Amino acid sequence: MAPKKRPEAQKPLEVVLRPRSKRNRSPRDPEPEAKKLNVTGCAPGRRSDSDCLPAGLPGLQDPQPCSSLVRALHQHRLGRTAWPSLQQIGAGGSITGLKFNLLNTNQFFASSMEGTTRLQDFTGNTLRVFTSSDTCNVWFCSLDVSARSRVVVTGDNMGHVFLLNMDGKELWNLRMHKKKVTHVALNPSCDWLLATASVDQTVKIWDLRQVRGKASFLCSLPHKHPVNSACFSPDGARLLTTDQKNELRIYSASQWDCPVGLIPHPHRHFQHLTPIKASWHPRYNLIVVGRYPDPNFKSCAPYELRTIDMFDGGSGKMMCQLYDPESSGIVSLNEFNPMGDTLASTMGYHILVWSQEEAGARK
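Note that the coordinates shown come from a computational prediction; the quantities given were computed from them, not determined experimentally.

1. Examining the overall build of the protein chain
Now for step 1: In terms of regular secondary structure, the protein chain is built from two helices and 26 strands.
Now for step 2: When contacts within the protein chain are restricted to residue pairs at least 6 apart in sequence, long-range pairs at least 24 apart make up 51% of them.
Now for step 3: Surface accessibility of the protein chain: about 18,200 Å² in total, with carbon and sulfur atoms responsible for 52%.

2. Here's the deal with unusual backbone geometry
Note on backbone geometry: most residues besides glycine have negative phi, and most peptide bonds are trans.
Now for step 1: Unusually for a residue other than glycine, D134 sits at a positive phi of about 60 degrees.
Now for step 2: Even without a glycine there, the phi angle at Y303 is positive, about 60 degrees.
Now for step 3: Within the secondary structure, Y303 sits in the loop between strand 21 (286-290) and strand 22 (308-312).
Now for step 4: The class for Y303 is exposed, based on a relative accessible area of 81%.

3. With respect to a nonpolar patch on the surface
Now for step 1: Residues I95, L98, F100 and L102 make up a contiguous nonpolar surface patch of roughly 450 Å² in combined accessible area.
Now for step 2: Along the chain, L102 turns up in the loop between strand 4 (95-100) and strand 5 (107-112).

4. A closer look at the packing of aromatic side chains
Now for step 1: Scanning all chains against the criterion turns up seven aromatic pairs.
Now for step 2: Put simply, the rings of F100, F108 and F122 pair up and form one aromatic cluster.
Now for step 3: One residue, R209, lies across the ring of W192, its end atom 3.8 Å from the ring centre.
Now for step 4: In this arrangement the basic side chain of R268 is found over the ring face of Y292, its NZ or CZ atom lying 3.8 Å from the centre.

5. Let's talk about the sheet that holds strand 5
Now for step 1: With antiparallel pairing, four strands are arranged side by side in an open sheet as 4-5-6-7. Taken across any chain shown, the strands that pair with only one partner, and hence form the sheet edges, are strand 4 and strand 7 (126-132). Put simply, the sheet's adjacent strands are angled 20 degrees from each other on average, direction ignored.
Now for step 2: The sheet contact formed by strand 5 and strand 6 (residues 116-121) spans five bridges and is antiparallel. The partner of F109 across the bridge, within strand 6, is L119.

6. As for the pattern of salt bridges
Now for step 1: Tallied over the full model, the rule gives seven salt bridges.
Now for step 2: For D309, the salt bridge identified is with R291, shortest N-O distance 2.7 Å. Pair noted here: D309 is in strand 22 and R291 is in the loop between strand 21 and strand 22, with a separation of 18 residues, a long-range link.
Now for step 3: What makes D309 buried here is its relative accessible area of 0%.
Now for step 4: Classification of R291 by relative accessible area gives buried; the value is 1%.
Now for step 5: By sharing partners, the salt bridges in this structure join R291, E304 and D309 into a single network.

7. Some details on the sheet that holds strand 10 (residues 160-165)
Now for step 1: Taken in spatial order, the four strands line up as 8-9-10-11 in an open sheet, and their pairing is antiparallel. The sheet is open, and its two borders are formed by strand 8 (140-146) and strand 11 (170-175), each paired with just one other strand. Strand-to-strand, the axes of this sheet are offset by a mean angle of 15 degrees, without reference to chain direction.
Now for step 2: Inspection of the sheet shows strand 8 paired to strand 9 (residues 151-156) by six bridges, in the antiparallel sense.

8. Structural notes on the pairing of strand 25 (residues 342-347)
Now for step 1: The side-chain alternation of strand 25 yields one buried face, formed by L343, S345 and M347, and one unburied face, formed by T342, A344 and T346.
Now for step 2: Of the strand pairs in this sheet, strand 24 (residues 333-336) and strand 25 are connected by four bridges, and their pairing is antiparallel. Residue pairing in the sheet places N334 in a bridge with S345 of strand 25.
Now for step 3: In textbook terms, the turn of a hairpin is the stretch between consecutive antiparallel strands, and for strand 24 and strand 25 this stretch comprises five residues, one of which, G340, has a positive phi near 80 degrees.
Now for step 4: Pairing analysis gives six bridges linking strand 25 to strand 26 (residues 350-355), with the strands arranged antiparallel. Looking at strand 26, one finds that T342 is bridged to S355.
Now for step 5: Connecting the antiparallel pair strand 25 and strand 26 is a turn made up of two residues, with G348 showing a positive phi of about 60 degrees.

Each value, and the rule that gives it
- Residues numbered from 1 in each chain as written.
- Predicted model: local features only at pLDDT ≥ 70, side-chain atom pairs only at ≥ 80, totals over all residues.
- Heavy atoms only, no water.
- Helix = DSSP H or I, 4+ residues; strand = E, 2+ residues; numbered from the N terminus.
- Contact = heavy atoms within 4.5 Å.
- Areas by Shrake-Rupley, 256 points an atom, 1.4 Å probe, with all protein chains shown as cover.
- Buried < 20%, exposed > 50% of the residue type's maximum accessible area, 1.4 Å probe, protein only.
- Patch = residues over 30% accessible without salt bridge, like charges linked within 9 Å, V, L, I, M, F, W, Y side chains within 5 Å.
- Salt bridge = Lys/Arg side-chain N within 4 Å of Asp/Glu carboxyl O.
- Phe/Tyr/Trp six-rings, centres within 6.5 Å; stacked < 30°, edge-to-face > 60°.
- Lys NZ or Arg CZ within 6 Å of the ring centre and 35° of its normal.
- Pairing = 2+ DSSP bridges.
- Axes fitted to C-alpha atoms, helices over the stretch in contact; angles between N-to-C directions.

The structure is reproduced here in structure tokens:
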């Protein structure tokens, strides 16, 4: 059965701005150091992709705490904290995937356009190289790690996926996609279940215990456009995919081959933009994703802002939007901390940190 697409919004949203200075900053001016908060809520005057949520959040585990959490999010300026300094790779050496080593918090795994997947520490030492292409034509685009099964999985720009153990031994190397593997994800509940996404417009689900070749996938999920990411929900029961155009899809473990939800959302891709990827909240049924307004998108409004959008993962309805008027770039990646009360958003050379730290003082 074909999934039913979410209807276009009848009740629009409005972005409420709080000006920080008397003059309007030119788009060419450098971004200010201080970051401020703007949270959009349910109000008339702006078209939206989906209806705005009421006070309660249907489909969430605990609506009231979740509602107050997101509505109270604000950005906290971290100041000039002394962070560890790592040796830079240099031009063309972008980090494409990073995971902390849960067995040693002073270490992290990283895949890069340098052509390696490696284990490093925070003093800049390379402890182990898992994969190395030894050529500038092949690089690694994605990475995931299971501390429980002690395995590392990484994908390259030629469609290959590598599975290795923590000691660096290669278990297999297979060409699972026709083109670049943009994302790999191990299921947090069943870490033998692997999802891979590719610019060949497919997402594939694999059982690592039964991989015999490129045709041994459990199911293939075709998309209309290349796919940036495929992320399992924290409970492992659902899969969230982000394409390179205007659609978020939600799949359920009970029926992987058919999406249970489609959310229209503008996040088109171009070559020099970090791919926009939607992600889950670690505790609630929430989806967060950066918006890149598209004049060709059906619900696009004039002068639409580049907001951070939050959706109810059950109903697909818009919950709220976050926006910083002094940092108006495109937010490509969003990640909550494990408690879910702080959100980090990447925007070009900037990282925006939204937290509840000062929420009590402002009430």
